[in-house]
Structures are given as C-alpha cells and as structure tokens.
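Next come the chains, spelled out residue by residue.
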Amino acid sequence: MNMNLFPEHISVISGGNELTEQAAENEKISVKITADGTVTVKSANVGVSFVKLFFKRVFSGSALIYGDCFERGYGDLSWKEDRRDLLHWYFIAADGNSFYGYGVKTQPNALCAWRVHDKEIELTCDVRNGTDKLQFKEEFPIAQLAFKTGSGNLHDFCRSFCNTMCDAPRSCRRPVFGANDWYCNYGDSSAKKILRAAKFAVKCADGLPYKPFMVIDDGWQKNHDEDFNGGEWDEANDRFSDMAKLASDIDAAGAIPGIWFRPLQSKIQLPDECFSDRENLFLDPSHPKTLETVKNDIARFYKWGFKLVKFDFVTYDIFYKWGFEIPENYFSTEKHFFDKTKTTAQIIKDFYKVIRSAAPDDLLLLGCNAIGHLAAGIIDMQRTGDDTSGESWERTRKMGVNTLAFRSMQHGTFFDADADCVGFTDKVPFEMSVRWLDVVSKSSTPLFVSVAEANETPQTARAVAEAFNNAVFCRNISKPLDWLDSLMPHEWQSDMGTDSYDWNTK
C-alpha cells in the first residue's frame, strides 16, 4: 500500500463550530487512529457533530474518479475528471494504469463521505444523532479506513477494493431469477394474477436445477390504496385474502414465494413517541416498539411460507427524501430519534440487524432503498439502483443499464447486487426489453421479470427461458468495457463472450 493510512491533519466540528487544535485539546476531545485504520473519538466535555480527516492527494489532476452514492444509483453513476462533488462511503481514482481506492469499511458507526481537492482528500464522518451532536465519554470507533492501490483491469480492481471494504459479505448461495409483479401490475394485483405469473416463470424455468422466485410486490396489504402503500402487515386486502394459502399455491406451482413490505410506514396503533413523523405515519427506527413490530412482521411472513422478504423505503422513511435529494448534511430540517445515545449510522445499521435477527437462515432478505454500505454483510441482496420501468423504456435504459454497469462491483463483495426488473408490457418495445433481459441474464446478478398477461406469448416465453438458463450458468460477473466513456455502456464481456447493445430505440 502506497497511501498513508494516517491523515496529515484532523478537524473536529461541534455544532456549527470548527474547533481549533488547541480548543479541542482544552475540551478534552481526542481523535485517534489505530494501526488497522480504526478511527476513534472521545469527547469528555462537549458534543461532537463531525470529524474530518485530511489526506495527501497522491494521484494526478487528470485522473478519472468514480464515487459511490448515499444509498442507490439514479442513472448518474460515472467516471469523471476533476470531481468536486460529495462521494459517499468510498471512491476510486484511475490515473492511467494506476488505481487508488479510498473508503471506509462497511457497517461504520458514522455517515461517511469523501471530497477530492487539488492537493488533499477530505473525509467527513457525521457522528450526530439526527441533527443533535453527541458526547463520547469513552473512545468510540467511528469507522475503519480502507485504502488500496493497484493496476491491471479496472473493473477487477474495483471489485477487489469492495471486497477489501467488506470482511463478511452475504449472498444467496444460488442463482437468483424469477418474477416480480410490480412492473406489470403497479399495485393493481391479485392472488390470481400472482399465481398466473408464478406458473409462467415455472414454465420458463423448466429443466433448470433451481426453482424460480415469485415475489409479490406492493399492493397485497389491507391498507393499500392510491394514496397509501404502508402497513399494517398482518393481513391482506380482499384481492388476496389468505397470504399463507397463496404462498402454498406458489410453492405447489414450483416457484419460491417472496413478499414485499414497507416496514417504517404503518397505521398500526402505537404511542406517538414510536413515530418520527406522526402525520405521515413514519415509524422511528430506534424505538423498541418499532423494532418489535418489524420483527413480528418478518416472523409472520415466514410463518405464512415466504422464503424471500423485500423491504423497501427504509431510507426515504428516515430522511424524508430520495438519495439524490439528500443534502450534504443529510437532513433538511431538525431530526431527533427516540434513542438519543446512538449515531444515525448506528441506528440505521441496528435496524437492519434487527430485521436480520428475525429472519431464519433459509429466509433471504432483499433491501430496496436501503443504504448499501450499512447493510453489506447483513442482507443477502440489495437493489442497487432506482426503479426500472414497465411503462418507459427511457427510464429502464437510464436506471437499469447504469446501475448494472457501475454497481456490479458490489456483487458478491457486499451482497448480491440487483439492478432491477425487466418489464414486458405493451408500453415497452419488446426488442428493447429483450436487450435489457440479455445483459442482466449474462451478468450473474439477480434477474427478475415482470410480464403482463397479454405479453405471455410464446415469443416472450422463449426469451425468458433463455435468460433464466443464462442466469443459472453464467456465474462470473460481466464487465462493462466502455464504462469510462458512457453512462450506459454498450460493450459487455460475460461468460458467453463479448456483446454490443444499442440502447436507443429506432
């Protein structure tokens, strides 16, 4: 390693005040870095908001830089020269054939982001509880630094660096493929539609050594309507009725049942203190009753017979914004959690761990709108980009292709990285859906299709069957070959060779 693990200087911010070295010493604030790169803070007298570390820049001004995002990609991930934007969790610089990775290991106790300056690299660690500063009477581990240098193939280096940041990644231990009904139903679903989709997926998987999944997305819950897609999650609406029976029917049809839910928005009857936003029914993820409720939900889904749970909106329902909208200081207004002893990162990470603790070993967890760097090593799969579409090819092209290209470095190194579904509807050109289907199916990442009833044609069945076969037997991650120059790479190398895709409709 050519990069120094130790910063050239450190800054501590308390509230809105940046403390001088002498002031920090007077207030008995100390920041230490151990030999393995663990950063700790101790503050005896005053609360701390941020800890900033500054490192010497060792790569040139012409280097191309990739920076990760706060939770998921929104079609804008890229390599850029002279980046000055905030780069969450980690970034990678490609300086000719020399590569440099700067990051923190997964599951830190702070919200961490980097910024590249002309002569130095800045790491900001947010150790607040919401917008409140915290005191640390004992040495508190903020994060563990992770640096890496290398050369050769850039995509291989990126994956190796992600592996360096995550000591114990999780995966599904089998190829993941099947159906999800969202992009053909958009909540207008029913047990009948779900069972039909499951049987179509099973037909397309005929002869394969693994069963397909059938994931029931938003729209099954009793309180679902056009203006609300939260819980409670204890029973279904009249279009579904008996969820245990539906799970059993999916299993009998030859598919593995999965279910979606939004754990942090609910009409459940709880005291006001359990809600971080009572008006919008957002539950506080730090309140014991919230955690107990979510654990009970997971246990119920498993008892019903579901073997995959997709949990969603778990960043939006805490920050009240999508990832691309979140400001540099994370919160637009004051934010206070019920548990005032932990950092925001700890609260979110512990929330994911509670979900994990409620899930038996054979129940897979798929995070959607979760924060990947905090969830890595906890969940099995992560939706690594914003929604694709069954209504707009342009949205799928923007979100899906970009996500697959730039977040595939996390596949198998953090979790199984899901770039989202392939929709087959009358609103998306068939030939474009097949191209998206093909590149995902050869990537070794999870593959889910949403096929409308009118589109369950022999032509679609042949395309999906071929894709499911690819998903089973292509086990090495695909590489985008022109990702340095394009937001939506056209050239891809997979186990089946090199393919060129035209993502533009005629």
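Cut-offs and rules
- Residues numbered from 1 in each chain as written.
- Predicted model: local features only at pLDDT ≥ 70, side-chain atom pairs only at ≥ 80, totals over all residues.
- Heavy atoms only, no water.
- Buried < 20%, exposed > 50% of the residue type's maximum accessible area, 1.4 Å probe, protein only.
- Helix = DSSP H or I, 4+ residues; strand = E, 2+ residues; numbered from the N terminus.
- Pairing = 2+ DSSP bridges.
- Phe/Tyr/Trp six-rings, centres within 6.5 Å; stacked < 30°, edge-to-face > 60°.
- Axes fitted to C-alpha atoms, helices over the stretch in contact; angles between N-to-C directions.
- Parallel < 35°, antiparallel > 145°, perpendicular 65-115°, else oblique.
- Left-handed = near helix turned anticlockwise from the far one by under 90°.
- Contact = heavy atoms within 4.5 Å.
- Nonpolar A, V, L, I, M, F, W, Y, C, P; charged D, E, K, R; others polar.
- Disulfide = S-S within 2.5 Å.
- Expected span 1.5 Å × (residues − 1).

(A) Local environment of the pairing of strand S9 (residues 90-95). Most of S9 sits inside the fold, with six of its six residues counted as buried. Burial of S9 is two-sided: the residues Tyr90, Ile92 and Ala94 facing one way and the residues Phe91, Ala93 and Asp95 facing the other way are all buried. As paired strands, strand S6 (residues 64-67) and S9 are joined by four bridges and run antiparallel to one another. Bridging from a neighbouring strand, Tyr66 pairs with Ile92 of S9. As judged from the six bridges shared by S9 and strand S10 (residues 98-104), these two strands associate in the antiparallel manner. For Tyr90, the partnering residue across the bridge sits in S10 and is Gly103.

(B) Broad picture of the packing of aromatic side chains. For the coordinates displayed, the defined rule picks out 46 aromatic pairs. Centroid distance Phe91 to Trp114: 5.9 Å. Interplanar angle 70°. Geometry classified as edge-to-face. Pair noted here: Phe91 is in strand S9 and Trp114 is in strand S11 (residues 111-116), with a separation of 23 residues, a long-range link. Accessibility classification places Phe91 together with Trp114 in one group, the buried group. Seen in terms of ring centroids, Tyr501 and Trp503 are 5.1 Å apart; in terms of plane orientation they differ by 15°. Their pairing is stacked. The buried category is assigned to Trp503, whose relative accessible area is 1%.

(C) Fine view of the packing of helix H11 (residues 430-441) against helix H12 (residues 458-473). One can describe the packing of H11 onto H12 by two numbers: an axis separation of 8 Å at closest approach and a directional angle of 15°. With respect to H12, the axis of H11 lies roughly parallel. Considering only the axes of H11 and H12, their crossing is right-handed. Residues Phe430, Val434, Leu437, Asp438 and Ser441 of H11 lie in contact with H12, whose contacting residues are Gln459, Thr460, Ala463, Val464, Ala467, Asn470 and Ala471. Across the contact of H11 with H12, the residue classes break down as seven nonpolar, four polar and one charged.

(D) Inspection of the sheet that holds strand S19 (residues 308-311) at higher detail. If you trace the nine strands from one edge of the open sheet to the other, you get S22-S21-S20-S19-S16-S15-S14-S24-S23, paired in parallel fashion. In this open sheet, the two edge strands, each paired with only one partner strand, are strand S22 (416-418) and strand S23 (422-424). Recorded for the sheet is a direction-independent mean angle of 25° between the axes of neighbouring strands. In terms of strand pairing, strand S15 (residues 213-216) meets strand S16 (residues 256-261) through four bridges, oriented parallel. Within S16, the position partnered with Ile216 by the bridge is Ile259.

(E) Representation of the pairing of strand S4 (residues 38-48) within the structure. The pairing of strand S3 (residues 29-33) with S4 spans five bridges and is antiparallel. Note that in S4 the partner of Ile33 across the bridge is Val39. What sits between S3 and S4 in their antiparallel hairpin is a turn of four residues, with Gly37 showing a positive phi close to 90°. The sheet contact formed by S4 and strand S13 (residues 134-150) spans six bridges and is antiparallel. The residue bridging Val39 from the neighbouring strand is Ala143, located in S13.

(F) Inspection of the state of the cysteines at higher detail. In total, this model carries zero disulfides according to the counting rule given. With no disulfide of its own, Cys112 has Cys125 as its nearest cysteine by sulfur position, at a separation of 4.0 Å. For Cys204, which is in no disulfide, the shortest distance to another cysteine sulfur is to Cys184 and amounts to 13 Å.

(G) Spatial organisation of H11. A rise of 1.5 Å per residue sets the reference length of H11, with its 12 residues, at 16 Å; its end C-alpha atoms lie 16 Å apart and thus fit the reference within 8%. Along H11, the positions that sit buried rather than exposed are Met432, Ser433, Trp436, Leu437, Asp438, Val439, Val440 and Ser441. Packing partners of the buried residues in H11 comprise helix H10 (393-407), S23, strand S24 (447-451), H12 and strand S26 (491-494).

(H) Region of interest: the sheet that holds S9. Spatially, S3-S4-S13-S10-S9-S6-S7 is the arrangement adopted by the seven strands of the open sheet, whose pairing is antiparallel. Strands at the two margins of the open sheet, each flanked by one partner only, are S3 and strand S7 (79-81). Put simply, the sheet's adjacent strands are angled 20° from each other on average, direction ignored.

(I) Looking closely at the side chain of Thr396. Here Thr396 lies in helix H10. A relative accessible area of 3% places Thr396 in the buried class. Each residue touching Thr396, except ones within four places of it in the same chain, is listed here: Thr388, Ser389, Val401 and Trp436.

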